[in-house]
Amino acid sequence: MALKVLVLASEAAPLVKVGGLGDVVGALPSALRALGHDVRVALPAYPVAEAQAERYGLQRVGRTQVVWSGSPVPVPIGQATVSGVPHYLLGGPYVPRDNRVYGSGIDEDGPKYIFYSMAALALCRELDWQPDVVHAHDSHPGAAVYWLGAKGKRDPFWRRTARVVTVHNLPFQNNHAKAYLAAAGLRPSRDPRLPWWAKDGLMGLALAYADEINAVSPGYAREIMGEEYGAGLDGLLRLRAANVSGILNGLDYEKWDPMHDPALATPFDADTLARRADTRAALQHSTGLIANPNIPVIGVVSRLDHQKGFDIAALAVRAVLKDGAAQFVLLGAGAEEIQAPFEALAAEFPGRASVNLGFNVPLAGRIYGGCDVFLMPSRYEPCGTSQMAALRYGAVPLVRATGGLRDTVQHYRRGSGTGFVFHAYNSQALLRTLRRALAVFEQKDEWRALQKRGMAVRFTWARAAADYAALYNRALEAKRKRRS
Ligand code: GLC
């Protein structure tokens, strides 16, 4: 059956993207539409999103309103169509007119996302479009899920709508939103499964009031039900285990294609892997590394924050640089204390370590398409996109066994596997595995076969979309049963 699905999220590429969440919300709706579902996306009308939406035929299509602190507040509606998917941009006084997407805390993001959540529900009535499913991503639209599961339960317009919540990053919860929930006419929840501090938290509320919950990989779905990765909500998630599942994200294999990437010196695929050497040489040249076709190049493209695990990487990388066993190139930016040890490496090993702070799409392409070992030592990784891109570009991923990394990279054994996987979160474990990778690199035939196995792997959005459609149907089915 074709389903009507309202997608709620704080990001959706190409209109607005801060991280991986934006890629997912940018790709999944059109993959679901290809299966025949009527999927529509509602976003806050950030000025950056509005500017992008101009290129997708942005039109002012009217207004709706939200009752906020007891008074009606008008919500201007913009509409643009991206890859066949209607996107609604919802304005109002709580979306700042500057260039930021996320604010500095709950006093900014609370009103912004709760107002937006209520506006998205008002939008559906305005359009007289009754969704079968409201699909909320991460904490930001949590108030919509809460309203639907509490107040909206008896509302004839919403009674049949199922609620699905996808977890991309559990520690980001938007807690302590009580004052702003009150503005939307909502009190903190009394659900005893929620810890006291999460009764007015947008993530906790979303998880407590969803019909179905999924994480962006099967591995992360298991991990968040345990204390180590549960960010305080593991107890609730364990109680909800029957409704918790994992669906691995896809990769856009048209966008990520070494045969059609202008950042690469020469296009290549698995049958013409020898041509990859050109991009490798261009990478060394453009980043100040010594030209050398034989030395393995270790690459990093990443946000440099706590999650990504680079605090254990600098020591290990230093050890192999000291041995003269590899070169190293990093592209990324983030926390000063994570950047600093890498800047020190670049100073200590000129021509052998190159540290590039910032974002640079062509350089990212050259690293994926030119490095040999792609490093992703994440402390936790709900899914991860870069390891999938690395595989596609013939870079061999070296990852920690966590979340989506564990689900997407198979550890090398002679004749099998797609990358290298280490377990314990420390520099020694990383270094041992890195040395192993560099040793395999010397066995040219083994390495080439390893690259080719990785390049053949496919994590498609079509498969993910089919899994989401099945999840929507499970949520609807469970709801129907409860009502009858
Ligand atoms: C978050 C996670 C990342 C995941 C992305 C998309 O950014 O940190 O692992 O790939 O969401 O689901």
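All residue numbers refer to positions counted from 1 along the written sequence of the respective chain. Under the rules for a predicted model, residues below a pLDDT of 70 receive no local features and side-chain atom pairs below 80 are neither given nor counted, while totals for whole chains, interfaces and linings still include all residues. Each side-chain value is worked out from all heavy atoms of the structure, with water and hydrogens disregarded.

K.L.:
So what about the nonpolar core? Which residues, and what values?
P.N.:
Formed by 103 residues in total, the largest nonpolar core has its most connected members in Ala42, Leu90, Leu170, Leu181 and Leu207. Under the scheme used here, helices are H or I runs from DSSP no shorter than 4 residues and strands are E runs no shorter than 2 residues, and both carry numbers assigned from the N terminus. Element by element, the count of residues in this core is highest for helix H3 (residues 106–127), at 11 residues. Among all residues touching Leu90, those that are not within four sequence positions of it are Ala42, Leu43, Pro44, Ala45, Val75, Pro76, Ile77, Val95, Tyr116, Ala119, Ala120 and Leu123. The nonpolar core is taken to be a set of buried Ala, Val, Leu, Ile, Met, Phe, Trp, Tyr and Cys residues, with the residues joined through side-chain atoms within 4.5 Å. Throughout this description, buried means an accessible area under 20% of the type-specific maximum (1.4 Å probe, protein chains only), exposed means over 50%, and partly exposed covers the range between. Ranked by size, the runner-up nonpolar core spans 37 residues in total, among them Phe310, Leu330, Phe342 and Phe349. Only heavy atoms enter the contact rule, under which two residues are in contact if any of them lie within 4.5 Å.

K.L.:
I'd like a description of the domain arrangement of the protein chain, backed by residues and values.
P.N.:
Each assigned domain of the protein chain is listed here: domain 1 (4–250 + 462–483) and domain 2 (270–458). Computed over C-alpha atoms only, the centres of domain 1 and domain 2 are separated by 34 Å. Of the residues lining the interface, 15 residues belong to domain 1; the matching set on domain 2 comes to 13 residues. The largest contributions to the domain 1 side of the interface with domain 2 come from Glu223, Tyr229 and Leu248, which together make up 34% of the buried area. For this analysis, a polar contact is any N or O atom pair within 3.5 Å, provided that within protein one partner can donate a hydrogen and the other can accept it, and provided that sequence-adjacent residues contribute only side-chain to side-chain pairs. Inspection of the region where domain 1 meets domain 2 yields eight residue pairs in polar contact (both at pLDDT 80 or more). Note that Gly is not counted as nonpolar here; it falls among the polar residues with everything else outside the nonpolar set of Ala, Val, Leu, Ile, Met, Phe, Trp, Tyr, Cys and Pro and the charged set of Asp, Glu, Lys and Arg. Tallied by class, the residues present in the side of domain 1 that touches domain 2 amount to seven nonpolar, six polar and two charged. These domain limits were set by an automatic method or by a database of domain assignments. A quick way to say it: buried area is the sum, across both parts, of accessible area lost when two parts are put together, with a 1.4 Å probe.

K.L.:
Got a sec to walk through the state of the cysteines? Specific residues and values, please.
P.N.:
In this description, a disulfide is simply a cysteine sulfur pair whose atoms lie within 2.5 Å. For the structure on display, the rule yields zero disulfides. Cysteine Cys371 remains unbridged, with the sulfur of Cys383 as its closest cysteine sulfur at 19 Å.

K.L.:
Outline the site of the ligand, listing residues and values.
P.N.:
Taken together, Gly20, Leu21, Val24, His168, Asn169, Val216, Asn249, Gln307, Glu381, Pro382, Cys383 and Gly384 form the complete shell of residues around the ligand. Contacts to the ligand include His168, whose side-chain N or O atom sits 2.7 Å from an oxygen atom. The side chain of Glu381 places a nitrogen or oxygen atom 2.5 Å from an oxygen atom of the ligand. Taken by itself the ligand offers 310 Å² of open surface, and the protein chains cover 94% of this. Of the residues assigned to the shell around the ligand, the class counts are five nonpolar, six polar and one charged. Any residue with a heavy atom positioned within 4 Å of a molecule or strand is treated as near that molecule or strand. Here the accessible surface of atoms and residues is derived via Shrake-Rupley with a 1.4 Å probe, and residues count as covered only by protein chains that are part of the display.

K.L.:
How would you sum up helix H1 (residues 20–34)? Please name residues and give values.
P.N.:
Counted at 1.5 Å a residue, the expected span for H1 with its 15 residues is 21 Å, and the 22 Å between its end C-alpha atoms agrees. Residues of H1 that are buried: Leu21, Gly22, Val24, Val25, Ala27, Leu28, Pro29, Ala31 and Leu32. Where H1 is buried, its residues meet strand E1 (4–8), strand E2 (38–44), strand E5 (85–90), strand E6 (133–137) and helix H17 (461–483). The positive-phi residue at the C-terminal boundary of H1 is Gly36, with phi of around 100°. The span you would expect from a helix comes to 1.5 Å times its residue count less one.

K.L.:
Which residues make up the packing of helix H9 (residues 276–287) against helix H12 (residues 361–370), and what values go with them?
P.N.:
Where helices are involved, their axes are fitted lines through C-alpha atoms of the stretch in contact, as for all axes, and angles between N-to-C directions lie from 0 to 180°. Relative orientation of the contacting elements H9 and H12 amounts to 130°, with a least axis distance of 8 Å. As the angle between them shows, H9 and H12 are arranged oblique. For the crossing formed where H9 meets H12, the hand is left-handed. Judged by residue contacts, Arg276, Thr279, Arg280, Ala282, Leu283, Ser286 and Thr287 of H9 engage Leu363, Arg366, Ile367, Tyr368, Gly369 and Gly370 from H12. Classifying every residue of the contact of H9 with H12 by side-chain character gives five nonpolar, five polar and three charged. Roughly parallel means an angle under 35 degrees; roughly antiparallel, over 145; roughly perpendicular, 65 to 115; everything else is oblique. Crossing handedness: left-handed means the near helix sits turned counterclockwise from the far one by under a right angle, and right-handed means the same turn made clockwise.

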